[in-house]
Amino acid sequence: MERSDFGKMGYGCKHYRRRCMIRAPCCNEIFGCRHCHNEVTNMLNSPSDRHDLVRFDVKQVVCLVCDAEQPVARVCTNCGVNMGEYFCEICKFYDDDSDKGQFHCDDCGICRVGGRENFFHCKKCGSCYSLSLRDNHSCVENSMRNHCPICYEYLFDSLKDTNVMKCGHTIHHECFHEMIKFQKFSCPICSKSAMDMTLIWKRLDEEIEATAMPEDYRHKKVWILCNDCNDTTEVFFHIMGQKCHHCNSYNTRTIAPPVLPQE
Ligand SMILES: [Zn+2]
Ligand SMILES: [Zn+2]
Ligand SMILES: [Zn+2]
Ligand SMILES: [Zn+2]
Ligand SMILES: [Zn+2]
Ligand SMILES: [Zn+2]
Ligand SMILES: [Zn+2]
Ligand SMILES: [Zn+2]
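Residue indices follow the written sequence of each chain, beginning from 1 at its first position. Each chain gets a letter, beginning with A, and each ligand a number, beginning with 1, in the order they are written. Local features in this predicted model are restricted to residues whose pLDDT is 70 or higher, and side-chain atom pairs enter the listing and the counts only when it is 80 or higher, whereas totals over whole chains, interfaces and linings include all residues.

Participant: Could you clarify how one ought to interpret the overall build of the protein in this entry?
Facilitator: By definition, any uninterrupted DSSP run of H or I lasting at least four residues is a helix, any uninterrupted run of E lasting at least two residues is a strand, and each is numbered from the N terminus. Summing up its helical and strand segments, the protein has three helices and 15 strands in all. Here a residue counts as buried when 20 or more other C-beta atoms fall within 10 Å of its C-beta, as exposed when 12 or fewer do, and as partly exposed in between; the C-beta atoms come from the backbone. Counting only residues that meet the buried cut, the protein has 24% of its 263 residues in that class. What counts as a contact here is a pair of residues whose C-beta atoms, placed from the backbone, lie within 7 Å. Across the protein, contacts joining residues at least 24 apart in sequence account for 36% of those joining residues at least 6 apart.

Okay, here's the thing in structure tokens:
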């Protein structure tokens, strides 16, 4: 075995491959990693005992090769093993699977995965976004410092992939797809269309064209408020949907007719 592979086999926890455990600064116990800690402490019976480990506060680690407890560092001071191929001194984070492309973003203040070259930090949204979103998304102040509108997990340091919807609000990738699966195409936060709907609206145009309303309803008109452009207009009622004539969206809701001021 190569010297650099020393101790690399079969260590770590179910979250990370590495050669150390951490001493939790909050409860002074040893855990595989902070997720191992959080899984245990968030199962505690008494809600007041439940807590998350603050990664930056970790001071001590235990080498898994020689069991020596010591201050956080990449290399074990006792046996000399490299405790993690990737090591972040700020996050006290070790991981051998460097294929994940870990990098520390100074603006986020935490380590992220996916390769530094594939991301930029959007200061307004408050997080690292994929390069494909550069100059290509609606910025929402601190969008990522929020909870996923579907599952309510905090998004900023979530381990799951996140999508930026057309409106700029953010949601887990898998929660977004769950939402689409249930034919819900609007943002749960602001009700604007969550993605480009051009094709879907076109199909709806055709279906409505082909489905005449019964004579009794054919001349019925309703007032609508468009969720996408906020325009209020009066349009013909149709069972399949009301189209905003300002932006062509069917993401509208019927409202009571506006009360016009007296002359
Ligand atoms: Zn773990
Ligand atoms: Zn050691
Ligand atoms: Zn870091
Ligand atoms: Zn960042
Ligand atoms: Zn942004
Ligand atoms: Zn979610
Ligand atoms: Zn939104
Ligand atoms: Zn509209």
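After presenting the structure, the write-up continues.
Participant: Please clarify how the pairing of strand E1 (residues 20-23) should be interpreted in this entry.
Facilitator: Regular strands place their side chains on alternate faces of the sheet. As paired strands, E1 and strand E3 (residues 60-63) are joined by three bridges and run antiparallel to one another. From the neighbouring strand, Ile-22 faces E3, where its bridge partner is Val-61. Strand pairing is assigned whenever DSSP identifies at least 2 bridges connecting the two strands. The sheet contact formed by E1 and strand E2 (residues 30-31) spans two bridges and is antiparallel. Among the inter-strand pairings, Ile-22 is bridged to a residue of E2, identified as Phe-31. The hairpin turn running from E1 into E2, its antiparallel successor, is six residues long, and Asn-28 in that turn takes a positive phi close to 60 degrees.

Participant: Would you mind showing me how to read the pairing of strand E10 (residues 127-130) here?
Facilitator: Sheet analysis places strand E9 (residues 119-122) next to E10, joined by four bridges and oriented antiparallel. From the neighbouring strand, Phe-119 faces E10, where its bridge partner is Ser-130. Linking two consecutive strands that pair antiparallel, namely E9 and E10, is a turn of four residues; a positive phi of about 80 degrees is found at Gly-126 within it.

Participant: Explain helix H2 (residues 173-181) here, please?
Facilitator: At 3.6 residues per turn, the α-helix brings residues three or four places apart onto the same side. Of the residues making up H2, those classed as buried are Cys-175, Phe-176 and Met-179. Taken around the axis of H2, the buried residues stretch over an arc of 105 degrees, which confines them to a single face. Facing away from the buried side of H2 by more than 90 degrees, the exposed set consists of His-173, His-177, Ile-180 and Lys-181. Taken from the residues just after H2, Gln-183 is the one with a positive phi, measuring 60 degrees. For this quantity, the arc is that covered by the directions from the helix axis to the C-beta atoms.

Participant: Looking at this structure, how should I read the sheet that holds strand E15 (residues 252-255)?
Facilitator: Adjacent strands of a sheet pair through backbone hydrogen bonds, lying either parallel or antiparallel. Read from one edge of the open sheet, three strands run E14-E13-E15, paired in antiparallel fashion. Looking at the sheet topology across the chains shown, the edges are occupied by strand E14 (232-236) and E15. When the angles between neighbouring strand axes are averaged without regard to direction, this sheet yields 45 degrees. Lines are fitted to the C-alpha atoms to define the axes, a helix being fitted only along its stretch in contact, and any angle between axes, read from their N-to-C directions, falls within 0 to 180 degrees.

Participant: Looking at this model, I keep getting lost on the sheet that holds E3. Mind explaining?
Facilitator: In space, the four strands of this open sheet follow the order E2-E1-E3-E4, with antiparallel pairing throughout. The open sheet has two edge strands with one neighbour each: E2 and strand E4 (69-71).

Participant: For this particular structure, what's the right way to read the domain arrangement of the protein?
Facilitator: The accessible area lost on association of the parts is a frequent measure of interface size. Throughout, the edges of the domains are those of an automatic or database domain assignment. Under the domain assignment used here, the protein contains domain 1 (3-100), domain 2 (108-181) and domain 3 (198-255). Between the C-alpha centres of domain 2 and domain 3 the distance comes to 32 Å.

Participant: Looking at this model, I keep getting lost on the nonpolar core. Mind explaining?
Facilitator: Each nonpolar core reported here comprises buried Ala, Val, Leu, Ile, Met, Phe, Trp, Tyr and Cys residues connected via C-beta atoms within 7 Å. Judged by nonpolar contacts, the single largest core of 17 residues is most densely connected at Cys-20, Met-21, Ile-22, Phe-31, Val-61, Met-83 and Tyr-94. Going through the elements one at a time, E1, E3, strand E5 (86-88) and strand E6 (93-95) are the ones with two or more residues in this core. If sequence neighbours within four positions are ignored, Cys-20 has contacts with Val-61, Val-62, Cys-63, Leu-64, Met-83 and Tyr-94. Core analysis: the second largest hydrophobic core is formed by 16 residues, Val-140, Leu-155, Cys-175 and Cys-187 among them.

Participant: I tried to follow the environment of Arg-74 on my own but got confused; where do I start?
Facilitator: Turning to its location among the elements, Arg-74 is positioned in the loop between E4 and E5. By C-beta crowding, Arg-74 is classed as partly exposed, having 15 other C-beta atoms within 10 Å. For the pair Arg-74 and Phe-87, spaced 13 residues apart in sequence, the C-alpha to C-alpha distance is 6.1 Å.

Participant: Just checking my understanding: could you explain unusual backbone geometry for this structure?
Facilitator: Apart from glycine, the bulk of residues carry a negative phi angle, and the bulk of peptide bonds sit in the trans form. Even without a glycine there, the phi angle at Lys-92 is positive, about 50 degrees. Positionally, Lys-92 belongs in the loop between E5 and E6. You will see that Asn-142, though not glycine, has its phi angle at about 50 degrees, which is positive. Residue placement: Asn-142 occurs in the loop between E10 and strand E11 (162-164).

Participant: I would appreciate a short explanation of the environment of Cys-148 in the present structure.
Facilitator: Along the chain, Cys-148 turns up in the loop between E10 and E11. When the C-alpha positions of Cys-148 and His-169 are compared, they lie 9.3 Å apart, and in sequence the two are 21 residues distant. When sequence neighbours within four positions are dropped, the list of residues in contact with Cys-148 reads Glu-153, Leu-155, Ile-171, His-172 and Cys-175.

Participant: Where do I start with the environment of Thr-211 in this structure?
Facilitator: Among the structural elements, Thr-211 can be located in the loop between helix H3 (198-210) and strand E13 (221-226). Thr-211 sits in the exposed class, given 10 other C-beta atoms within 10 Å. Taking the C-alpha atoms as reference, Thr-211 lies 22 Å from Thr-233; in sequence the two are 22 residues apart.

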